[in-house]
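Single-letter residue listing:
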Amino acid sequence: MLEPVPERMDFPQAEEEVMKLWKQLNAFHTSLKQSKGKPRYSFYDGPPFATGLPHYGHILAGTIKDIVTRWAHQSGFHVERRFGWDCHGLPVEYEIDKTLGIKGPDDVAKLGIDKYNEACRGIVMRYAGEWKEIVTRMGRWIDFDHDYKTLYPWFMESIWWVFRQLYDKGLVYRGFKVMPYSTACSTPLSNFESNQNYKDVQDPAVIVNFPLDEDPAVCMIAWTTTPWTLPSNMALCVNPQLDYVKVKDNTTDKVYIMMEARLEALFKKPEEYTILDRFKGSTLFGKGYKPLFPYFSERKKSGAFRILQDGYVTTETGTGVVHQAPYFGEDDYRVCLANNVISRDGGVVCPVDASGCFTAEVTDFKGQYVKEADKNIIQWLKQQGRLVNQGTYVHSYPFCWRSETPLIYKAVPGWFVRVEPLVEKLLENNTQCYWVPAFVKEKRFANWLRDAHDWAISRNRYWGTPIPLWVSEDFEEVVAIGSIDELYRLSGVKVTDLHRESVDHVTIPSTRGKGVLRRVPEVFDCWFESGSMPYAQNHYPFENKKEFEDSFPADFIAEGIDQTRGWFYTLLVLSTALFGKPPFKNLIVNGLVLAADGQKMSKRKKNYPDPMEIVHKYGADALRLYLINSPVVRADSLRFKEAGVRDVLKDVFLPWYNAYRFLIQNVIRLEKEDGLTFIYNADTVMSSDNIMDRWILSFTQSLIQFVTQEMAAYRLYTVVPRLVKFVDMLTNWYVRFNRRRLKGDGGTEDCLRALETLFSVLFSMTKVMAPFIPFLTEQMYQNLRHLLDPSLTRKQNVDSVHYLTLPKPRESLIDQQIERSVSRMQSVIDVARVIRDRKTIPVKYPLKELVVIHQDQECLDDVQSLESYILEELNVRTLTTSSDKQKYCVKLVAEPDHRALGARLKQAYKSVQKAVRELTDQQLQVFQEKGEIEVEGHTLSGDDLKLVYKFDATTGMSLSDYEAHSDNQVLVLLDVTPDQSMLDEGVAREVINRIQKLRKKASLVPTDDITVYYDVKPVDDSLARVIQTHHGYIEDTLKKALQPFPVPTAADVIIKESTKLKDATLHMAIVRGEGSPTPANSDGPFCRYVNVQLLGLQPKGGAKGTVATVLLENPRGDFPLSYKELLHRVRMIFSLTDTDLQLYAQGKGGMTLVTPEMLNGLNPLHGTTIYASSKQPSAADVSGAPVPSGPSCKYVNLQLQGTTQGSLQCGVQGKEATLLLENPVGDFLLTPKQLAHEACGVFGVHNKVVSLKESPNASGDLALPSSLLTLHGTTLYVSLTRNGQM
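Computed from a prediction, not measured in an experiment: that's the story for all the values here.

**Considerations on the overall build of the chain**
- Scanning the chain from terminus to terminus reveals 38 helices and 47 strands.
- Its C-alpha atoms give the chain a radius of gyration of 43 Å, more than 25% over the compact-globule value 33 Å for 1286 residues.
- Along the first, second and third principal axes, the C-alpha set of the chain runs to 140 × 80 × 55 Å.
- Looking at the chain residue by residue over its 1286 residues, the buried ones come to 56%.
- For the chain, restricting intrachain contacts to residue pairs at least 6 apart in sequence, the fraction spanning at least 24 positions comes to 76%.

Structure representation (structure tokens):
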């Protein structure tokens, strides 16, 4: 059953109701059952950790995933959506380390791995409930019941299988590499992990001397920001191609060697030093120096403590001499290895333990954390005379993404996957993937792939998937295990869990006589696990083999831009290594959501609102639309602002909701007033010839066509703005322009066409927007579905909008010409509104003329074809179109952008500014067309110039009444000098506006039976006159009776209010019950009218009078006269059918021609006198003519009783009419018999018997006098009698 729609909407509360409906329907799983057997659309969900709550980044990515997968489902695909959980790794372990006070591996050993992992398992799903609640509340449909967790044994077994394949392909090796290392987490990190979290820090910067063996008085000097690495110094490095100098410090007389280009690192002024010698860096190669610390001095015998050379030393920082600690720097390791300072199988100089503290080898600083030891090391250097200079250095430095502690670079043994040999294949596979936006694929990701290094997949941790390698003590015998069964076959031990506590004790007998093989202690990097999820989530290849192979690669994935070096990378590496093809076909990369100040969102800083607070305030739909209608869907950053979410409600949802509410209101009104039940069937609906109906239908189908194409290309950033624009087009253009039709003002048939159009558009777009805004569309659909023809959905489950397929574009409804015409009309209206705003003239106040100027005649024809809409919307009397702007003395002038050009052109700006102001109209037109222009040798384009239209004073013509504005396409001139009649109409509109606001304040709807009473104080204020003269117009607009005070004492007053309007006070009261509309004063006719006086012409056909009255409507509100009909009536009244005459009205500036383009039909002429003449009259011609205060002709009002609305014939709606008793004045008097006949005709009750009474409750019929003129000004009450035909 169709439900009335409340005026106010609590969006979050309505969403809660929708969630109850979905739960009741089991909607998500029902939709999956419905799509079973349809083509599969595969989707991978990247697994988040459940040790923290979802943030805006998760919500954004989840929303994108939800939109695309909903769209795929509603496009006819079967889309499984399984939620995944990342359960292993540092995020979990770090939390346990903090909780249990774990400082390093020794603490774990004391506790026991089993207990440590048990503690980890206990917090893995700490926030799983909150995740499920938040994800569900955001409207995302995803399967939590059939999820995957990386801790499931079957998931871990597939990871073993993946690793075994890589091992068998020769892609796994054990190595010793300098890697980013987290001392807080006691584990190395991969390069892409270390690149995730850089921060600007201030580190100590020291210059240290290294006396040469050949001459200890000469010292090499090296600069470093990591003093803690100096105890491990093994060599120095210079650039062989660059110039170095032997330089004397004039202050201390000490002699140093450093790079000439870096003298500034030690000396501030040239006079502070003396260059003693100059030579290339290669001259220094091989020279020995005195070790800085004694800890590893014995290494000098094996080639340490020498000067080496390499091109990586640059002129950018330091002294041009780089100290080498080979086990704490990648380049250091490479250079020292190449020069035999160290060897792969030699002793390791790495006196730092797993927690980042110095070992016993460094006796002076044993047990000190390396970063904290810096100050003590500097003090030691100073005491030993080895410190040359001390300062600080601000630079960007990597931090652990989990613990937020600074990383160090440290050599660690580990297991690696060979990625470097795969680089070409990785790049090739990347080209086969479709990325949105494309630049991330082509630049950021491709560049990362080109420089890809071998992947360190092992972690010296506990809570993770154990690396399935069983080795002999000397690592010469290695067995890779690929399944639980294989482990059982080789070891005889059957395990059901694969964590360390379950498999570390398992041994495998050696086949080479090496005793037993034991598992290596490392676990997999958790990125290896998430990169394996396409296979492991299906327990491939142990189960679901066909299902996986049929749906691989995935059709779609999506995550944030930070995953280019994370999940996207690991997915591609593993799929390329395993299958030689990419893991996904389509990918959307989103940008980062930052705090409002542009900083990273931080719980500690509390610089962002809690996501659920936003949802409870504004609703999930609003948050979803705000996020996806922002730069983040183009991989840019978004500064999150709560006001932006609020604006979505205000600017998108409320207008859309109001359009929906307006439809339902008028469907209910149609049933109540006309007894018609609205049912929509697209197959049988009649086509409308109304141009705005055809436009919005065409616009909607074009939009559906566009959205379908763009969603196929995954371009949400083009789709969402167009969907938002649709709401503006629907509400601010279609509904606004057709309110009267939708309310039934144009008759029942026209109302039906408008309602069908609005329903069709709303229903289609509800389905299209359902994937984007799942809650609001569901709520609307649940009511709209009651208006559908049941025969259309008899065999379908249509309980939810999300069960429906998306509408296909109906190309037969697309009319590009109409869309183009309306677009140009909108441009004209928008430009003219700017002029009104600039001159602060509200649209309620009518203006005389709108001139539209454009070079293209097609454009002018388009504008002219929609003239009536333009005039009504802008409240303008006439529209003139022209292609000749010179005729209106308008020219283009340019103003330079001072800020932009001033900064760019500097000294040249003044001459350019002068030249810009002298550019001709013709030159600026060329600039408009081409987008650039050369001025004084400088190319100016885009926003460099601001173009405005101005009137050309050099022509000598005066167009002071006009204001000009342009959108660079169309030029609009608006006459901004209203006359008194126009001002009066504006005031009448103000009165209507105040009454309508009062109705809204009282929560009244259009179908409520009410009467409006009014009073004006002071009584002689012009406001009272305006209401009287525009009484019919006001009542027609309100569609309710408007009566003067006093309010009857027995009336049921709903609301009363007084308001200031101009210099008067308007008192208003709305009472329950529909009274009979009455004229503004007792002497006035019910219908609007205009008096007509002949000038210079004589009547014919027996008429003698030269003054007449023409009714502009009859009954009240029905059959409004057009200009042509008025002209025809005037000719008929005076029998001047063969005479060429025109109609003129008296205005502020003299006599003006009445034209077909009069606003509101001819409403503004109501109560005035116009003049019929064959030539243009002057003001003098009418100066002596009397101006009557009412109709020139005598009249009688008729009030129809005892009929229901819709029961009258010929489209008659009104029940109040006016009959003229003579016309022209003194001619063709109405007889009693004619009066009854005319009464039947005017109300559309032909061939019926009517009775005429002098009051509503009179017992008998009125005895009509022989001369009806005596009834002038009275009201007769008309009713149908019960007996036969007339």
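So much for the structure itself; the text now carries on.
**Considering the sheet that holds strand β11 (residues 306-309)**
- Strand order in this open sheet of 3 strands is β11-β7-β12, and the pairing throughout is mixed. Strands with a single pairing partner mark the edges of an open sheet, and in this sheet they are β11 and β12 (322-324). Recorded for the sheet is a direction-independent mean angle of 35° between the axes of neighbouring strands.
- Where strand β7 (residues 235-238) lies against β12, 3 bridges are found, and the strand directions are antiparallel. What sits directly across from Cys 237, in β12, is Val 322.
- Taken strand by strand, helix α10 (residues 330-338) contacts β7, β11 and β12, and its axis lies near 70° from that of β12.

**Examining the pairing of strand β37 (residues 1053-1061)**
- Of the pairings in the sheet, the one linking β37 to strand β38 (residues 1064-1072) comprises 8 bridges and is antiparallel in character. Along β38, the bridge assignment pairs Ser 1058 with His 1067.
- Taking the residues between adjacent antiparallel strands as the criterion, β37 and β38 are bridged by 2 residues, where Lys 1062 takes a positive phi near 60°.

**What to know about unusual backbone geometry**
- For the bond running from Val 436 to Pro 437, omega is 0°, close enough to zero to count as cis.
- Within the element layout of this structure, Pro 437 appears in the loop between β15 (434-436) and α13 (438-450).
- Here Asn 1114 and Pro 1115 are connected by a cis peptide whose omega angle stands at -5°.
- Along the chain, Pro 1115 falls in the loop between β40 (1107-1111) and α37 (1123-1133).
- Residue Thr 840 is not a glycine yet carries a positive backbone phi of 50°.
- Here Thr 840 lies in the loop between α28 (816-838) and β27 (847-853).

**Remarks on the state of the cysteines**
- Here the structure, examined in full by the defined rule, presents 0 disulfides.
- Of all cysteine sulfurs, the one in Cys 336 lies closest to Cys 237, which takes part in no disulfide; the gap is 8.1 Å.
- For Cys 237, a relative accessible area of 0% puts it in the buried group.
- Judged by relative accessible area, Cys 336 falls into the buried class, the value being 0%.

**Digging into helix α4 (residues 90-100)**
- Among the 11 residues of α4, 8 are classified as buried, and the element is accordingly described as predominantly covered.
- All of the buried residues in α4 are Leu 90, Pro 91, Val 92, Glu 93, Tyr 94, Glu 95, Ile 96 and Asp 97.

**Remarks on the confidence of the model for the chain**
- With 96% of its residues at a pLDDT of 70 or more, the chain shows a mean pLDDT of 88.
- Below pLDDT 50 for its whole length, residues 1076-1082 participates in 27 contacts with residues either more than four positions away or in separate chains.

**What to know about the packing of α13 against helix α19 (residues 567-579)**
- In the contact formed by α13 and α19, the axes pass within 12 Å of each other and the chain directions differ by 55°. As summarised for this structure, α13 and α19 are arranged oblique, according to the angle between their axes. Two packed elements cross with a definite hand, and for α13 against α19 that hand is right-handed. Each of Phe 445, Trp 448 and Leu 449 in α13 lies in contact with α19, whose residues at this interface are Phe 568, Tyr 569 and Leu 572.
- Tallied by class, residues from the contact of α13 with α19 come to 6 nonpolar, no polar and no charged.

What counts, and at which threshold
- Residues numbered from 1 in each chain as written.
- Predicted model: local features only at pLDDT ≥ 70, side-chain atom pairs only at ≥ 80, totals over all residues.
- Heavy atoms only, no water.
- Helix = DSSP H or I, 4+ residues; strand = E, 2+ residues; numbered from the N terminus.
- Rg over C-alpha atoms; globule rule 2.2 N^0.38 Å.
- Buried < 20%, exposed > 50% of the residue type's maximum accessible area, 1.4 Å probe, protein only.
- Contact = heavy atoms within 4.5 Å.
- Pairing = 2+ DSSP bridges.
- Axes fitted to C-alpha atoms, helices over the stretch in contact; angles between N-to-C directions.
- Disulfide = S-S within 2.5 Å.
- pLDDT = per-residue confidence, 0-100.
- Parallel < 35°, antiparallel > 145°, perpendicular 65-115°, else oblique.
- Left-handed = near helix turned anticlockwise from the far one by under 90°.
- Nonpolar A, V, L, I, M, F, W, Y, C, P; charged D, E, K, R; others polar.

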